[in-house]
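Letter by letter, the chains look like this.
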Amino acid sequence: MLEKIETGTAEIAVIGLGYIGLPTAIMFANAGFKVTGYEIREDVVERINSGKAHIVEPEIDELLRRAVESGNLKATSNPRDIEGKDAYIICVQTPLKDDKTPDLSYLESAVRTVAGAMKRNSLVVIESTVPPLTTVKMAGLIEELTGFKAGEDFYMVHAPERVMPGRIFKELVYNSRIFGGITPESAEMAEKLYRSFVRGQTFKTSSTVSEVVKLMENTFRDVNIALANEFAFLAHQYGIDVFEAIELANTHPRVRIHSPGIGVGGHCLPKDPHLLLWPAREDFGLIRLAREINDSMPLFTKDLLFSALRELNVPPEDAVVAVLGLAYKGDSDDTRNSPALAFIEAIEGDVAEVRTYDPFVGGSAGSVEDALREADAAVIATDHTAFKSLDWEKLGELMRTRILIDGRHVVENPPRGFLFKGIGRGEY
Ligand SMILES: NC(=O)c1ccc[n+]([C@@H]2O[C@H](COP(=O)([O-])OP(=O)(O)OC[C@H]3O[C@@H](n4cnc5c(N)ncnc54)[C@H](O)[C@@H]3O)[C@@H](O)[C@H]2O)c1
């Protein structure tokens, strides 16, 4: 196996070709390995085999075309095409169910497919973010299904993915990586394989440490954003701009306060704290409270909007509200768990009309101008670069009532002639 990795002759199957799996498959293919991407969505398989990506990511079209044209990357929906591979890399989604407990059905089904296809001495890597102890459990499932012994007859590793959409191909190469093995030899094998394209530092540990590391990283960010949101809430009551206060506090050499805003979205941050807590018998409650604070921010934004409407005597039920931004983060088309959508859901039914515009996602209006024409309020829900240079004084001429709510600290100076309210910016 080691020799096959070192000579680039190891055959790899990547299971799940989404935001993480497809770029990973492309990296291995362009590093010279024969890669088979196994994906249950046939439309995705067809697109990939024709050299077209189904996700938006800088450089992906060119890199995918190279991988497919070289003959090193093929996608398939047929599990027989991944039989007898040297390495299996599982990149399926691990979402939450409605009750906020993890839905591991995709992972379990992927592990069953792998168990049905692998051979003795295969390396199985779980890249998906999973609750602590899951890799050990999945190794047990493979043992049950194959009769192989984990650590003796196959290698098993958790190798969490830490890339950020929009920078995936850079971060795949330069981020540091953790390889959590069920045995030290497993971690070593995965490290050798990934070293074919990873230039960042690599670390080896146990699978459970690796699972916890990944979850702690996102929980750290979620809790810190919640703290910033708490500071913003207090700042409103003291009539100060929290961003000025944060900037000054961050001049302290050991303080790094995050930014408050309309909420936390995306596939990872809102779910990973729940994955971290799930197998635990007890916890202190801090992580749960942080989740609740961040989930409440779209409602807080609604409070800002409604207090502004009341101040200008616009009955909310008559108000036309333009929401600028649907994606959960700037310059992205990803709307998964977007707080913009939670905000829209919170106001729909309470106002006369909600219009939406997002340069990456689309929306009900074709432009900022169309969204704002005869509107009573504009609410900025995403920090797209394009929203930073809007000429509000000119746009205000299109509006029926000039209310501007900034949920993302996009507007530096409140425009003249507007009733302006921003999260953490002055009284409310
Ligand atoms: N997206 C990110 O930025 C990011 C960053 C770090 C970690 N992660 C983690 O990586 C994992 C994957 O995330 P993603 O964003 O790539 O998800 P995704 O939904 O974009 O992709 C998952 C793909 O797997 C396919 N799939 C599901 N079950 C399958 C099965 N049994 N066999 C074959 N294919 C199957 C789906 O059809 C889908 O195309 C998650 O655990 C996530 O938390 C994601």
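Our subject is the structure listed above.
All residue numbers refer to position in the chain's written sequence, counted from 1. pLDDT decides what is reported in this predicted model: residues at 70 or higher carry local features, side-chain atom pairs at 80 or more are listed and counted, and totals for whole chains, interfaces and linings draw on all residues regardless. Side-chain metrics rest on all non-hydrogen atoms present in the structure, leaving aside hydrogens and water.

### Brief notes about a nonpolar patch on the surface
Put simply, a patch holds well-exposed residues, over 30% relative accessible area, that have no salt bridge, with like charges counted together within 9 Å and Val, Leu, Ile, Met, Phe, Trp or Tyr side chains within 5 Å. Using a 1.4 Å probe, accessible areas were evaluated by the Shrake-Rupley method; residue-level cover was limited to the displayed protein chains. By salt bridge we mean one thing: a side-chain nitrogen of Lys or Arg within 4 Å of a carboxyl oxygen of Asp or Glu. On the surface, L227, F231, L234, Y238 and I240 cluster together to form a nonpolar patch covering roughly 450 Å² of accessible area. Among the secondary structure elements, L234 is positioned in helix α9 (residues 207-238). Accessibility expressed as a relative area gives 32% for L234, which makes it partly exposed. Helix and strand labels come from DSSP, where a helix needs a run of H or I of at least four residues and a strand needs a run of E of at least two; each type is numbered from the N terminus. Each residue is placed in one exposure class: buried if its accessible area under a 1.4 Å probe, protein chains only, is under 20% of its type's maximum, exposed if it is over 50%, and partly exposed if it falls in between.

### Here we look at the pattern of salt bridges
Within the structure shown, the criterion is met by 29 salt bridges. We note a salt bridge from R112 to E108, for which the minimum N-O separation is 3.3 Å. Of the two residues, R112 and E108 both sit in helix α5 (residues 105-117), four residues apart, roughly one turn of that helix. You can call R112 partly exposed: its relative accessible area is 41%. For K192, the salt bridge goes to E188, with nearest N and O atoms at 3.1 Å. Highlighted residues: K192 and E188, both in helix α8 (residues 184-194), separated by four residues, approximately one helical turn. Residue classification places K192 among the partly exposed residues on the basis of a relative accessible area of 31%. Connected through shared salt-bridge partners, K4, D86 and K119 make up one network.

### A closer look at the sheet that holds strand β7 (residues 177-181)
Across the sheet, eight strands lie side by side as β3-β2-β1-β4-β5-β6-β7-β8; this open sheet has mixed pairing. The sheet terminates laterally at β3 (73-76) and β8 (202-206), the two strands that pair on one side only. On average, adjacent strands in this sheet sit at an angle of 25° to one another, irrespective of strand direction. In the sheet, strand β2 (residues 34-38) pairs with β3 via four bridges, with the strands oriented parallel. Among the inter-strand pairings, G37 is bridged to a residue of β3, identified as A75. Strands are treated as partners if at least two bridges between them are detected by DSSP. Here the axes come from fitting lines to C-alpha atoms, over the contacting stretch only for helices, and the angles between their N-to-C directions go from 0 to 180 degrees.

### Details of the sheet that holds strand β11 (residues 377-380)
Two strands in a sheet stick together by hydrogen bonds in their backbones, pointing the same way (parallel) or opposite ways (antiparallel). Strand order in the open sheet formed by five strands is β10-β9-β11-β12-β13, with parallel pairing between adjacent strands. In this open sheet, the two edge strands, each paired with only one partner strand, are β10 (353-357) and β13 (419-422). Across this sheet, the average inter-strand angle for adjacent strands is 15°, counted without regard to direction. Two elements, β11 and strand β12 (residues 403-406), share four bridges in a ladder whose sense is parallel. Directly across from A378, in β12, lies its bridge partner L404.

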